[in-house]
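# Results of the structural survey
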Amino acid sequence: MASLAFASIAYLFAIREFFATPIFSRRVVVIGMVLAAVWHVAFLRVASGADDDIHRYLWDGRVQRLGYNPYVVVPNDPALIGLHTPETRTLNNAYLPSPYPAGAELFFRAVTAIHESVLALKVAFVVCDFAIVFVLLDILRRSGQGAHWVLAYAWNPLLAVEVAGSGHIDIVGVLLLLLSAAALVRRWRTVAAITFGLAVAVKLLPIVLLPLYWKRIRMRDAALAAVVVGLLYAPFLSLGRIPIGSLGTYVQSFRFNDPLFAALERVAAPQLVAGLAVLVGFLTAIWIRRKSAAWSSDAFAWPIAASLLCAPVVYPWYLLWMLPFVRSASTVPIIIWTVSIIPTYYVWHLRTLGRPWLVPGWIMLLEYGCVATAAAILGFRRFRRPAITQRPGQGM
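Residues numbered from 1 in each chain as written. Predicted model: local features only at pLDDT ≥ 70, side-chain atom pairs only at ≥ 80, totals over all residues. Heavy atoms only, no water.

## Regarding the overall build of the protein
Which entries qualify depends on this criterion: In this text, helices come from DSSP runs of H or I with a minimum length of four residues, and strands from runs of E with a minimum of two, each type numbered from the N-terminal end. For this measure, only C-alpha atoms enter the radius of gyration; the expected value for a globule follows 2.2 Å times N^0.38, where N is the number of residues. Throughout, exposure labels follow a simple rule: accessible area from a 1.4 Å probe, protein chains only, divided by the maximum for the residue type, with under 20% read as buried, over 50% as exposed, and the rest as partly exposed. Note on areas: Shrake-Rupley with a 1.4 Å probe; residue coverage comes only from the protein chains shown.
On a plain count of helices and strands, the protein comes out with 17 helices and zero strands. For 396 residues, the compact-globule formula gives about 21 Å, and the C-alpha radius of gyration of the protein, at 21 Å, lands near that figure. Dimensions of the protein along its principal axes, counting C-alpha atoms only, are 85 × 55 × 55 Å. Within the protein, the fraction of its 396 residues that count as buried is 51%. Split by element, the accessible area of the protein, about 19200 Å² in all, is 68% carbon and sulfur.

Below is the structure:
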């Protein structure tokens, strides 16, 4: 926690410098990327927690290759005890089938087919992380922004911790979503549609960005993307039912870092509140799409942020989805959030002491209070700007 606190403060100072200095030398950017790579390698060598999600990934990939459906089999089924390896015996929520979409499941299968280990999955995630850097550099070059903004992504403390350290499938979806954004910039509409569909097939969170593609892709592109996603699910069809695994249980029972959802759940069913979270993301995307016809990076960040604010579970690695898109003044509250969420890691320590799986109130106050304060300051400055730039004699 102490090292992450130091890294977070250093990161925020770097972000301030990025806004203040329009151009950095190429040498500075290269050195910065080398430092980021070194940090990733250091975390790559750290063993994942005994019940981290990556052990579930390993199990899902293994059972697929053995001919089982991860949406049906339950890891703690006594009949399947012989299928476990030392790395899968401690996977979390072993009483439930997998909740991950088909794109994620097929990724698990592909990686474990090459080498079945937690390290292999983590290396695959880090490769996706490095690929994001190259795609982001291309976007920055085409948009005329300084290449140093790639460090706003690569230096974020969450990245090394959750990709190289714990290992989370989200980074695969982030790469696909960024590829889709890059394809929109180049007007490669078919590629943009398919990669967006694949990103949703890795995790459902970016579905709220769908309105951003309105009139930017053709209907035949959207139909092709839907067919591709449907084909991903084809291997998992069982008795004609849509394979969703334990997704319903996730919405019904899983809670973490969810102050707004917890408040709304007191007056409405959890399924309804979860639907509201998706609706908020959709409406945010629609508002941004109507506001600006041109492509902008923050348009991909804010709908996801709005949806997460209302979600039943807000784990730190969920914020990875926004990292490649936060490089404008309007996204400063999101940048703050990627740092202010770090104290929630304290909950993992509390669990080792036998404490409940619950984020203390003071941590949520710190986390969301920082975000609200940043948003208030940003809004105040925008409100004051017209008055400051007003010329004498123009009125009261």
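Past the structure itself, the notes keep going.
## Quick notes on the packing of aromatic side chains
The cut-off we apply is this: Pairing of aromatic rings covers Phe, Tyr and Trp, the last counted by its six-membered ring, and requires centre-to-centre distances within 6.5 Å; plane angles under 30 degrees mean stacked, over 60 mean edge-to-face, and any other angle means tilted.
All told, the structure shown has 27 aromatic pairs when counted by the stated rule. Aromatic pair Phe19 and Trp149: ring centres 4.9 Å apart, planes at 70°, arrangement edge-to-face. In this pair, Phe19 is assigned in helix H1 (residues 2–20) and Trp149 in the loop between helix H5 (118–143) and helix H6 (150–154), connecting sequence segments 130 residues apart. The class for Phe19 is partly exposed, based on a relative accessible area of 35%.

## Focus: the pattern of salt bridges
Where we set the bar: We count a salt bridge whenever a side-chain nitrogen from Lys or Arg sits within 4 Å of a carboxyl oxygen from Asp or Glu.
Scanning the entire structure with this criterion turns up eight salt bridges. With a shortest N-O distance of 2.8 Å, Asp221 and Arg218 are connected by a salt bridge. For Arg218, a relative accessible area of 26% corresponds to the partly exposed category. Between Glu265 and Arg255 there is a salt bridge whose closest N-O contact spans 2.6 Å. With a gap of 10 residues between them, Glu265 in helix H12 (residues 259–265) and Arg255 in the loop between helix H11 (247–253) and H12 connect regions that are remote in the sequence.

## As for the side chain of Glu367
Which entries qualify depends on this criterion: Counted as positive: Lys and Arg. Counted as negative: Asp and Glu. His and the chain ends are not counted at all. Polar contacts here mean pairs of N or O atoms no more than 3.5 Å apart (in protein, one a potential hydrogen donor and the other a potential acceptor; neighbouring residues in sequence count only if both atoms are side-chain atoms). Contacts: residue pairs with any heavy atoms within 4.5 Å of one another.
By secondary structure assignment, the location of Glu367 is in helix H17 (residues 361–389). One buried charge, Glu367, has no salt-bridge partner; the nearest side chain with opposite charge is Arg255, at 15 Å. Within the structure, the side chain of Glu367 is placed 2.8 Å from the side chain of Trp337, a separation counted as a polar contact. Excluding anything up to four places from it in sequence, Glu367 contacts Asn257, Trp337, Ser340, Ile341 and Thr344.

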